[in-house]
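One-letter residues, chain by chain:
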Amino acid sequence: MVVDRTVRRRRVDLNDSSTGDADSDAWRKTADEMKDTLNKADYRCPDQKKADLKASLGKSQAKKLSDKAWAKARAAGKSSHSSILCGCITFTTLLMFVSLISMAMISIPIKPVPFYLPPPPDYKGSLSRNNMLQYTRQILENELIGPESLAVNKETGVIYTGTYDGKIVSIEDGAMKVITQLGKAPCGKLVYEASCGRPLGIRIDKDGQLIVVDAYLGLFKINPKTGDQKILLSSQTKIFGVRSSFLNDIDIALDGTIYISDSSTKWRRKDFHLVLMEGAPDGRVIWYKPDTNTSGVLVQGLHFPNGLQLSPRNDILYISETSRARIMKYHLTGPLKGQTKVFNENLPGLPDNIRPSESGGYWVGFASVRMPEKFSIMDLIAPHPWMRNIMSKLMSQELFMKVATRSSYGLLVELDKNGKIIRSFHDRSGFFVPSVSEVAEHNGTLYLGSFYLPYLGVLDWKKYDKRLRRN
């Protein structure tokens, strides 16, 4: 199966424009031409294009290059300060260009909340750059697309995941098998997701059944052998008077309680870029008890709550807040019961899922990274609601991701029990592993998920750890 990575352009909705009928065709033509320009735009400065061309050698020979040679290639013709200046200038020019049309004819779909991100952490110490992710193997390429979350059977080693087209699949000995389909056809395009389904968080319960949350459809229990499925909690169910709009990740407590992140009570997964740009605290974590078929809200007022992970003693629930580049911890028991505290307040990227490491810490994957010396779209637009106003109407999800990930860089980190980064793996080329949604560790092997990549990443990191230390 060949993946069509062509950016799909969204037409501007002119129904709420203030233009008259006589001008509507002209406005529509102008808007379409403008968006064509944006989709085809190359957001790099001339110096940066030249540097990227020189550095491209590393993409094909990254495994052979030493760290010193790679750094030299990446640094050729480019300084960190010029990269930041280039990003700011090109991005500001883009915004000035599109604002003329947006302010005149388009109503704003979001009410952005101003916020500030702390300066990105320095890539030093345990965050020092390396090439470990370039040793990642890509399996089931172009067969498995968008394996966002992963569950590994500890006894058999079978991997379970969901795909972009609503399927739940198993992976054993490098072969994939479809277990079931959550929604209804047609599938395979963003416009069909709400009916087709988009499975995200997945876990294995104590009885060996799969517990899966679909962003649109709700919470499911699935028999991995027969494919029989049962919906436990529909997304249409009102919890505290509010339906869930963007169900994302889950974890299962020792007493059977299932915790679910609802990334936004306003926007759906197909509009996740609007969740990021609005920056509102409209996310929450809900709970569901299968034995009594009851549900409720655990904590609300969160900013794009994403990945969830319980501590080994089930006294803390860790919550990734994607738009704030941080991880929070909610105390389920003890003297701080009911309180939410910061676990790590300044991560080097926008965190996705969080999962336990076999050394007693936690793996965190990043959809996109933040660096002190490079342009970061979230760091730029965070304190400027007017920028986000413009972008929210004129940028589709695809175009937003194109701009946000234009400087590809793969990264995952391991946190200790205190939230400190103790290990990090990088792909400085962004060619082998451009992003990571989740890390599942089994017998020293890391399985790397992604919400959009057409393969599953496999990294036998301990095999290359000594080589990394020597470099």
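Just so you know, these numbers come straight off a predicted model, no measurement behind them. (Residues numbered from 1 in each chain as written. Predicted model: local features only at pLDDT ≥ 70, side-chain atom pairs only at ≥ 80, totals over all residues. Heavy atoms only, no water.)

**Remarks on the state of the cysteines**
Stage number 1. Applying the stated rule across the entire model yields 1 disulfide.
Stage number 2. Disulfide partner of Cys187: Cys196, at an S-S distance of 2.1 Å. In this structure the cystine formed by Cys187 and Cys196 twists about its S-S bond by roughly 105°; its chirality is therefore right-handed.
Stage number 3. Of the residues examined, Cys187 reaches a relative accessible area of 26% and is grouped as partly exposed. (Disulfide = S-S within 2.5 Å. Buried < 20%, exposed > 50% of the residue type's maximum accessible area, 1.4 Å probe, protein only.)

**As for the sheet that holds strand β8 (residues 218–222)**
Stage number 1. Strand order in the open sheet made by the 4 strands is β6-β7-β8-β9, with antiparallel pairing throughout. The outermost strands of the open sheet, each flanked by one partner alone, are β6 (199–204) and β9 (229–234). Recorded for the sheet is a direction-independent mean angle of 25° between the axes of neighbouring strands.
Stage number 2. Across 4 bridges, β6 lies against strand β7 (residues 210–214) in antiparallel orientation. Counted as the bridge partner of Pro199 is Asp214 from β7. (Pairing = 2+ DSSP bridges. Helix = DSSP H or I, 4+ residues; strand = E, 2+ residues; numbered from the N terminus. Axes fitted to C-alpha atoms, helices over the stretch in contact; angles between N-to-C directions.)

**Observations concerning the nonpolar core**
Stage number 1. Ranked by internal contacts, the top residues of the largest apolar core, which has 40 residues, are Leu210, Ile222 and Met378.
Stage number 2. Only β6, β7, β8, α7 (272–278), α8 (377–381), α9 (385–394) and α10 (397–404) provide two or more residues apiece to this core.
Stage number 3. When residues in this core are grouped by element, the largest group, 5 residues, is from α7.
Stage number 4. Not counting chain neighbours up to four residues away, the residues in contact with Leu210 comprise Tyr160, Ile168, Ile179, Ile202, Arg203, Ile204, Phe220, Lys221, Ile222 and Pro224.
Stage number 5. If you look at the next biggest cluster of nonpolar residues, it comprises 18 residues, including Leu127, Leu347, Phe366 and Leu411. (Core = buried A, V, L, I, M, F, W, Y, C linked by side-chain atoms within 4.5 Å. Contact = heavy atoms within 4.5 Å.)

**What about the environment of Asp205?**
Stage number 1. Within the secondary structure, Asp205 is located in the loop between β6 and β7.
Stage number 2. Taking relative accessible area as the criterion, Asp205 reaches 15% and is therefore assigned buried.
Stage number 3. C-alpha separation for the pair Asp205 and Ala253, spaced 48 residues apart in sequence, amounts to 9.3 Å.
Stage number 4. The residues contacting Asp205, other than those within four sequence positions of it, are Ile211, Lys221 and Ile252.
Stage number 5. A distance of 2.9 Å separates a polar side-chain atom of Asp205 from the backbone nitrogen of Asp207. (Polar contact = N/O pair within 3.5 Å; in protein donor to acceptor, adjacent residues only side chain to side chain.)

**Considering unusual backbone geometry**
Stage number 1. Backbone torsion omega between Ala185 and Pro186 reads 5°, so that peptide bond is classified as cis.
Stage number 2. Relative to the elements of secondary structure, Pro186 occurs in the loop between β5 (175–181) and α6 (193–196).
Stage number 3. Unusually for a residue other than glycine, Leu140 sits at a positive phi of about 55°.
Stage number 4. Relative to the elements of secondary structure, Leu140 occurs in the loop between β1 (137–139) and β2 (150–152).
Stage number 5. Judged by its relative accessible area of 10%, Leu140 falls in the buried class.
Stage number 6. If you check the backbone angles, Asn142 has positive phi at about 65° while not being a glycine.
Stage number 7. As for its position among the elements, Asn142 is in the loop between β1 and β2.
Stage number 8. On the basis of relative accessible area, Asn142 is assigned to the partly exposed category, the value being 25%.

**Description of the sheet that holds strand β18 (residues 326–331)**
Stage number 1. One open sheet holds the 4 strands; their spatial order is β16-β17-β18-β19, and the pairing between them is antiparallel. In this open sheet, the two edge strands, each paired with only one partner strand, are β16 (305–310) and β19 (340–344). Here the average twist between neighbouring strands, direction ignored, is 30°.

Note that every value here comes from positions in space, so none of it alone points to a role or purpose.
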